[in-house]
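Observations on chain architecture
The primary structure of each chain is shown beneath.
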Amino acid sequence: MNFRLLNKASYDAAYSKSIAQSDDFWAEIAAYYHWETNWNSVQQCNMKTAHFSWFEGGKTNICFNAVDRHLKERSNEIAYIFEPNNPEEATTIISYQKLHDEVCRYANLLKLFNVKKGDRVCIYLPMIPELVYAVLACARIGAVHSVVFAGFSSQSLAARIQDCEAKLIITADGSFRGAKSVNLKAIADEAIQTCPSIVKSLIVRRTGEKIELGSKDIDVHDVLPKLSTNCEITWMDAEDPLFILYTSGSTGKPKGMLHTTGGYMVYTGYTFKNVFAYETGDIYWCTADIGWITGHSYIVYGPLLNGATSVLFEGTPTFPDAGRFWNVIDKHKVTQFYTAPTAIRSLAKESLEFVTKYRMDSLKVIGSVGEPINEEAWQWYNEHIGKKKCPIVDTWWQTETGGILISPLPNITELIPTYATKPLPGIQPVLLDEHKNEIEAQSGTGNLCIKRAWPSIARTIYGDHQRYIDTYFSAYPGYYFTGDGALRDENGNYRITGRVDDVIIVSGHNLGTAPIEDAINEHPLVAESAIVGFPHDIKGNALYGFVTLKNENPNEVELKKEINQYIADAIGPIAKLDKIQFTSGLPKTRSGKIMRRILRKIAEGDFSNFGDISTLLNPEIVEEIKNGKQ
Ligand code: PRX
């Protein structure tokens, strides 16, 4: 597809056109795809009511565009190179033809169990090819996939299934994670007990461990071989739902971000091609998990829409040793490598010998996503992995945005360490000040908002449009509010400074404070808790919990362990606290609101200036908490 921007002039021209003649700009890009029926209007967007419609009247299918469309000329080209957790296990090569055949089998499997257009299917699988097949099978027949990251606990899984009332779950016997394996089926079984909407649980075999099949369970390997490798496409309206993906919110309930078909397809295909400068013959590798948006948009849809070849990696960065990423780059001659700052920081801490053993001379572009990349990590990545010859694309975006909104374009736009730099065509970022005014000056600092809609903006929070409006469109009426703070330099480059709300990004994972506090407060000895983030060398941020107890005198060491177990059960191990401090109270305003600003400063070890604490109901508590800092 030839919408690749080749130089600064073409980026500038594309950007100007995308703003001045937005409809024409996107119509030209959309025309690269197969549309069974053409659209009537390119966009109808309203930032006040948060109603967004792209390519209305058009009918298409993203699975057709990602898979079938390539078969005529490229059926034997490789879609995925599957690199298993254990490097001694053989890699599997999946051609576009093979991908098509397996996707069709999975689609027929779904149909066998009566899954219809619009039904929700929960996918709880490790990073194995079957995960991609299941996702695309849903898209092929118009079912709405809801992939849940396989590191989430059974309670989290259950909450997500209940919220979207999934009819079916696709899971596995287990998953391999480094030297360990996790019994996914047991977690799924526990979840399903509280999920009456689930009629069948389809089990993929991965670890081969012994499992008991219950009344709802189907071993997919008993059925799949009998199913056809062809399955008719269900043509979808451009605005038909494609998937739901849950992300943390400031209340306990996760937000099911709903993405639809046409706009998401057009935007992810376009941004993949341009941000990674992907050309035929390249081998692209994104290390994210498909359970997150990065995997949806830049392991599954974006690359496949471009007929790309990707590495699909099941393992972890440190198994069997800290050279695994670099080994895989050499093994498969990876040309584009896309990972998270937390992985870079943790590998940079290891001996350089893990890196220098490998040549990595195939690399052309390296990328970063999920959290701000600090200067030190950027320089290390640039020097040791990119060998100072690979542009680093620091891509800023969100589950809600569907695709990358701000990023350098390799060899086209300027690179500045720690800056995501310039908006992609179609994206109009603005900074808003505390009076809700746009900062007009070229440089400045403020809350990052987006001024106009783009094709892959989430359409709603599943089942709760009011919450969607309240969360993203009411703080700054007329704008999409990202929840991030940013600064802009005099050349219009953006640097994302971090969240300005109650979301904390730990190792690149979005964690809301409220769901964690809810989990802790379930403990019978806990009266109240407040979670804040504090800087951490590897994770970016770690979690610090301030906990008040109900008049008991517990064994603190044991209680800390129990609190973390409550969190692991409710959310997953990723949300465990690094530090827990027991305190006799929390700093509160007269209206009862916890003053997190103070707790944040204490957790960071910054006792210099707590600002105005005169509005506190209990100012004396600040001293106690300060003295007890962990
Ligand atoms: O705070 C920003 C941070 O991650 C948040 C979005 O998280 P999530 O929905 O899980 O999606 C992550 C993958 C796209 C953002 O609000 N973030 C993401 N990328 C960057 C970033 N912060 C700074 N720089 C980035 N490149």
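About the thresholds
- Residues numbered from 1 in each chain as written.
- Predicted model: local features only at pLDDT ≥ 70, side-chain atom pairs only at ≥ 80, totals over all residues.
- Heavy atoms only, no water.
- Pairing = 2+ DSSP bridges.
- Helix = DSSP H or I, 4+ residues; strand = E, 2+ residues; numbered from the N terminus.
- Axes fitted to C-alpha atoms, helices over the stretch in contact; angles between N-to-C directions.
- Phe/Tyr/Trp six-rings, centres within 6.5 Å; stacked < 30°, edge-to-face > 60°.
- Buried < 20%, exposed > 50% of the residue type's maximum accessible area, 1.4 Å probe, protein only.
- Lys NZ or Arg CZ within 6 Å of the ring centre and 35° of its normal.
- Near = heavy atom within 4 Å.
- Polar contact = N/O pair within 3.5 Å; in protein donor to acceptor, adjacent residues only side chain to side chain.
- Areas by Shrake-Rupley, 256 points an atom, 1.4 Å probe, with all protein chains shown as cover.
- Nonpolar A, V, L, I, M, F, W, Y, C, P; charged D, E, K, R; others polar.

Now for the sheet that holds strand β29 (residues 540-549). Across the sheet, which stays open at both edges, the three strands sit in the order β28-β29-β30 with mixed pairing between neighbours. Edge strands, defined here as strands with exactly one partner in the open sheet, are β28 (526-536) and β30 (579-582). Strand-to-strand twist of the sheet, defined as the mean angle between neighbouring strand axes without regard to direction, takes the value 20 degrees. Alignment of β29 against β30, held across four bridges, turns out to be parallel.

Moving on, we get to the packing of aromatic side chains. Taken as a whole and assessed by the stated rule, the structure comprises 45 aromatic pairs. Here Y298 and W397 contribute two aromatic rings whose centre-to-centre distance is 5.0 Å and whose plane-to-plane angle is 85 degrees, an arrangement assigned as edge-to-face. Here Y298 is found in helix α11 (residues 293-305), whereas its partner W397 is found in the loop between β20 (392-395) and β21 (429-432), with 99 residues between them in sequence. Judged by relative accessible area, which is 0%, Y298 ranks as buried. One aromatic cluster is present, built from ring pairs that chain together F3, F25, W26, Y32, W35, W39, W54, F55, Y267 and Y270. The ring centre of F152 lies 4.3 Å from the NZ or CZ of R160, which sits over that ring. One cation-aromatic arrangement involves K436 over Y476; the distance from NZ or CZ to the ring centre is 5.5 Å.

D394, T395, T399, D484 and R499 are the nearest of the 18 residues found near the ligand. Measuring from a nitrogen atom of the ligand, one finds a backbone N or O atom of P372 at 3.4 Å. Compared with its free state, where it exposes 550 Å², the ligand has 96% of that area covered by protein. Looking at the shell around the ligand, the elements that each hand over two or more residues are α11, β20 and β25 (494-499). Class assignment of the residues belonging to the shell around the ligand gives a composition of seven nonpolar, six polar and five charged.

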